[in-house]
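Each chain, written out:
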Amino acid sequence: QVQLVESGGGLVQPGGSLRLSCAASGFTFSNYPMSWYRQAPGKERELVAAITSGGGSTNYADSVKGRFTISRDNAKNTVYLQMNSLKPEDAAVYYCRASIFGRFYWGQGTQVTVSS
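Everything quoted here is computed from the prediction, not taken from an experiment.

Each value, and the rule that gives it
- Residues numbered from 1 in each chain as written.
- Predicted model: local features only at pLDDT ≥ 70, side-chain atom pairs only at ≥ 80, totals over all residues.
- Heavy atoms only, no water.
- Phe/Tyr/Trp six-rings, centres within 6.5 Å; stacked < 30°, edge-to-face > 60°.
- Buried < 20%, exposed > 50% of the residue type's maximum accessible area, 1.4 Å probe, protein only.
- Helix = DSSP H or I, 4+ residues; strand = E, 2+ residues; numbered from the N terminus.
- Lys NZ or Arg CZ within 6 Å of the ring centre and 35° of its normal.

A. Quick look at the packing of aromatic side chains. One pass over the structure, following the stated rule, counts five aromatic pairs. With a centroid separation of 6.1 Å and an interplanar angle of 55°, the aromatic rings of F27 and Y32 are classed as tilted. By relative accessible area, F27 is classed as buried at 14%. On the numbers, 6.3 Å between centres and 90° between planes, the contact of Y95 with W106 is edge-to-face. One end of the pair, Y95, is in strand 9 (residues 92–100); the other, W106, is in strand 10 (residues 103–106), with eleven residues separating them in the sequence. Using a relative accessible area of 13% as the deciding quantity, one classes Y95 as buried. Grouped by ring-pair contacts, the aromatic residues F27, F29, Y32 and F101 constitute a single cluster. Cation over ring: R45 sits above Y95, and NZ or CZ is 3.7 Å from the ring centre.

What follows is the structure in structure tokens.
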């Protein structure tokens, strides 16, 4: 079965960096696009970044452009989110999502806290 396991969250000061990872299993990872979403308390889940199956194309929410980078390693079945210049408003639970034949699969999420 499809499994997505996020890791790399934690507490970081404003201006700091974190790299999130999402390890995938149960499907042919290299065939499908992947994305990162986040959800802050009291807010809807929002798209942060997405990447095509081969990694050749990416897109980002305006709020993270120039600060976050999504990438993937198809040999390791892993998608990453490098987050730099973090702001308090980036604090949220971050989820990775796989889109497979029109169905969406989610990981359990990893908490990112940005605070001094």
